Amino acid sequence: MVRMSDLGEADRLLVLLTPGRGLMRATARSARKPGSKLGGHLDLLCHVSISISTGRGLDTVSQADTLEGFRGLRDDLGRLSRGLYLAELAERFAVEEAASHGPFRLLVDTLRTLEKLPADAADSLLRWYELRMLGQHGFAPQLQRCVDCESALEQKDHVYSAARGGIVCPNCRTRGDDPLLPAPVTVIKILRFLGRATWPEAIGLKVGDDDRRMVERVLRSHLHYVLDRDVKSTGFLDEVRKRLGVAEAAPEGDPPGDGARTGPQG
Amino acid sequence: MDGHRAASLAPPVARLIEAFRKLPGVGPKSAQRLAYHLIRMPRAEAESLAEAILAVKDRIVLCQVCQNITESTPCPICSDQSRDRTRICVVEEPLDSMAIERTRSYDGLYHVLHGVISPVNGIGADDLKVRELLERLRDESVTEVILATNPNLEGEATAMYLQRLLKPLGIAVSRLARGLSSGADLEYADESTLAHALQGRTRSADQDASQSL
Ligand SMILES: [Zn+2]
Ligand SMILES: [Zn+2]
């Protein structure tokens with residue numbers, strides 16, 4: 001369940017991500033009434049098994065069973081805001097009537113991981129997920145060579161262009177007037193590492209605050225360019241982190257700003 | 001297809017259908033049905049409907065205190081001196097406060113948020129009457145805030161968010177007890193269930209220890 005809104009008197013309109021048919025829209029009749037057999041099973045971020053009856057107009061949910069409720073995501077603002085972001089990202093990439101087994105699996109697995117993840121590892125998981133999702137849809141950023149001239153990148157600071165889709169070398173950076181983001185060596189290394197890491201490797205990665213922010217900015221601008229719009233739930237994600245002061249998680253022994261610690265190599 | 005058909009309709013009809021379509025829960029088919037119903041309606045009835053719409057726009061305001069819809073501000077509940085002014089029950093919509101009033105088991109005040117935090121729709125606390133709530137808590141002698149948002153993910157997210165926000169103020173914060181069937185809307189809860197949920201409300205545990213981000 002990636003999206004839900006009220007419909008009519010007491011119905012709900014659902015948007016579901018399914019493995020076999022991609023994005024699906026369906027109505028759940030009377031789901032907002034207490035005692036509704038459907039209502040209790042249908043909520044955002046729930047992994048559900050549903051039966052659909054097709055007829056004229058919108059498909060209707062005839063039966064729903066919760067497979068995973070992800071309670072661990074729902075009890076905690078930090079995890080909740082991140083879980084919603086993961087789901088929205090999957091939704092943005094998905095289309096109707098097109099199988100999306102890979103992205104579906106990726107979303108469910110990542111939500112499962114997030115549910116039990118300590119706060120300090122969650123951002124790395126999100127960046128890893130973004131790169132995976134981009135890769136599965138053929139939009140992975142070019143991080144190995146200059147995206148323009150394809151020359152090998154020297155071991156030094158470069159810039160990043162979302163419009164061109166990757167790292168840009170010093171010779172090419174003046175070509176074009178697209179917005180450029182700083183991409184220091186450590187940031188490039190972190191991105192490359194996350195791009196080929198498994199998720200357990202990704203969540204083991206310790207990154208300093210500055211690098212973490214820069215990596216996030218690069219991927220956010222890349223996603224914005226690819227999707228041609230903002231991912232709306234980033235607003236809540238940022239708000240929870242910043243305004244509520246729900247700690248920019250500072251776990252013990254991890255002083256901020258000390259750069260990449262577990263060296264991502266390459 | 002509907003857009004196509006509407007384009008060949010007489011412009012006033014198309015305009016009316018378009019206006020209905022903007023209403024919550026009204027799809028293209030219902031919009032057409034409503035429009036054709038109005039066309040067949042006696043003129044006097046149509047005029048009275050139009051007047052009723054203008055009357056809400058002209059006469060209904062938001063209560064400056066609780067943000068509920070009212071004809072006069074402060075609203076009757078906020079002006080009622082016999083009510084317990086140390087408690088504020090926070091609800092998503094005006095209808096929710098009416099549902100709680102019907103239980104007759106709550107005599108405190110309300111605060112209407114006019115929505116719920118909905119991250120995937122880009123609706124955050126700034127789009128709700130949250131600042132007004134904080135303002136109220138600074139002035140009044142409120143000792144308890146009851147968060148009565150809907151028992152679904154967005155309602156819970158809103159409640160957790162407010163809980164976080166209110167924590168530094170040192171006011172007791174409670175949530176409605178479970179027993180409300182999850183997934184359902186408050187406005188549909190039957191009175192006894194809702195009354196029980198109010199009585200059995202739980203002091204929000206200090207979640208900080210387990211909060212992670
Ligand atoms: Zn180049
Ligand atoms: Zn009032």
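Look up a bit, the structure's there.
Every value quoted in this text rests on a predicted model; they were computed, and no experiment measured them.

Engineer: Any chance you could explain the overall build of chain B here in plain terms?
Structural biologist: Looking only at helices and strands, chain B has nine helices and seven strands in total. Within chain B, buried positions represent 45% of all 213 residues. Sequence separation of at least 24 residues holds for 56% of the intrachain contacts in chain B that already meet a minimum separation of 6. For chain B, the accessible area works out to roughly 11,300 Å², and carbon and sulfur atoms hold 54% of it.

Engineer: Honestly, the pattern of salt bridges in this entry has me stumped. Any pointers?
Structural biologist: Oppositely charged side chains can form a pair if their charged atoms are brought close together. All names here are of chain A. Counting across every chain of the model gives 36 salt bridges over all chains. Here Arg127 and Glu130 are joined by a salt bridge, their closest N and O atoms 2.8 Å apart. With Arg127 and Glu130 both in helix H4 (residues 119-136) and three residues apart, the pair spans about one turn of that helix. Taken as a pair, Arg127 and Glu130 share a single burial class, namely buried. A salt bridge links Glu216 to Arg212, with the nearest nitrogen and oxygen atoms 4.0 Å apart. Of this pair, Glu216 and Arg212 both sit in helix H7 (residues 209-227), four residues apart, roughly one helical turn. Each of Arg82, Asp123, Arg127, Glu130, Asp209, Arg212, Glu216, Arg220, Asp238 and Arg241 takes part in one network of salt bridges that share partners.

Engineer: Looking at this model, I keep getting lost on the coordination of the zinc ion (ligand 1). Mind explaining?
Structural biologist: Metal coordination angles in their ideal form are 109.5 degrees for the four-donor tetrahedron and 90 or 180 degrees for the six-donor octahedron. Residue and element names in this part refer to chain A. Within the protein, Cys146 (SG), Cys149 (SG), Cys169 (SG) and Cys172 (SG) serve as the donor atoms for the zinc ion (ligand 1), at 2.2 to 2.3 Å. Coordination at the zinc ion (ligand 1) is tetrahedral, judged from the four donor atoms that bind it and the angles of 106 to 112° they form at the metal. Here the donor residues for the zinc ion (ligand 1) map to a single chain with the spacing C-x2-C-x19-C-x2-C. Overall, Cys146 belongs to the buried group, its relative accessible area being 1%.

The rules we used
All chains use their own residue numbering, which begins from 1 and follows the written sequence. Throughout, the order in which chains and ligands are written sets their labels, letters from A for the former and numbers from 1 for the latter. Confidence filtering applies because this is a predicted model: local features only for residues at pLDDT of at least 70, side-chain atom pairs given and counted only at 80 or more, and all residues used for totals across whole chains, interfaces and linings. The basis for every side-chain value is the complete set of heavy atoms in the structure, and neither hydrogens nor water enter the calculation. Note on conventions: DSSP H or I runs of at least 4 residues are helices, E runs of at least 2 residues are strands, and numbering of each starts at the N terminus. Each residue's exposure class comes from its accessible area (1.4 Å probe, protein chains only) as a fraction of the maximum for that residue type: buried when under 20%, exposed when over 50%, partly exposed otherwise. Working rule for contacts: check all heavy atoms of both residues, and any pair within 4.5 Å makes them a contact. For every accessible area listed, the method is Shrake-Rupley and the probe measures 1.4 Å; residues are considered covered only by the protein chains on display. Any Lys or Arg side-chain nitrogen found within 4 Å of a carboxyl oxygen on Asp or Glu counts as a salt bridge. Here a donor is an N, O or S atom found within 2.8 Å of the metal, or within 3.2 Å if the metal is Na, K or Ca; sites may look incomplete because water is not among the atoms. Key to geometry: four donors with every angle between 85 and 135 degrees are tetrahedral; four donors are square planar and six octahedral where opposite donors lie over 155 degrees apart and all remaining angles lie between 65 and 115; all other sites are irregular.

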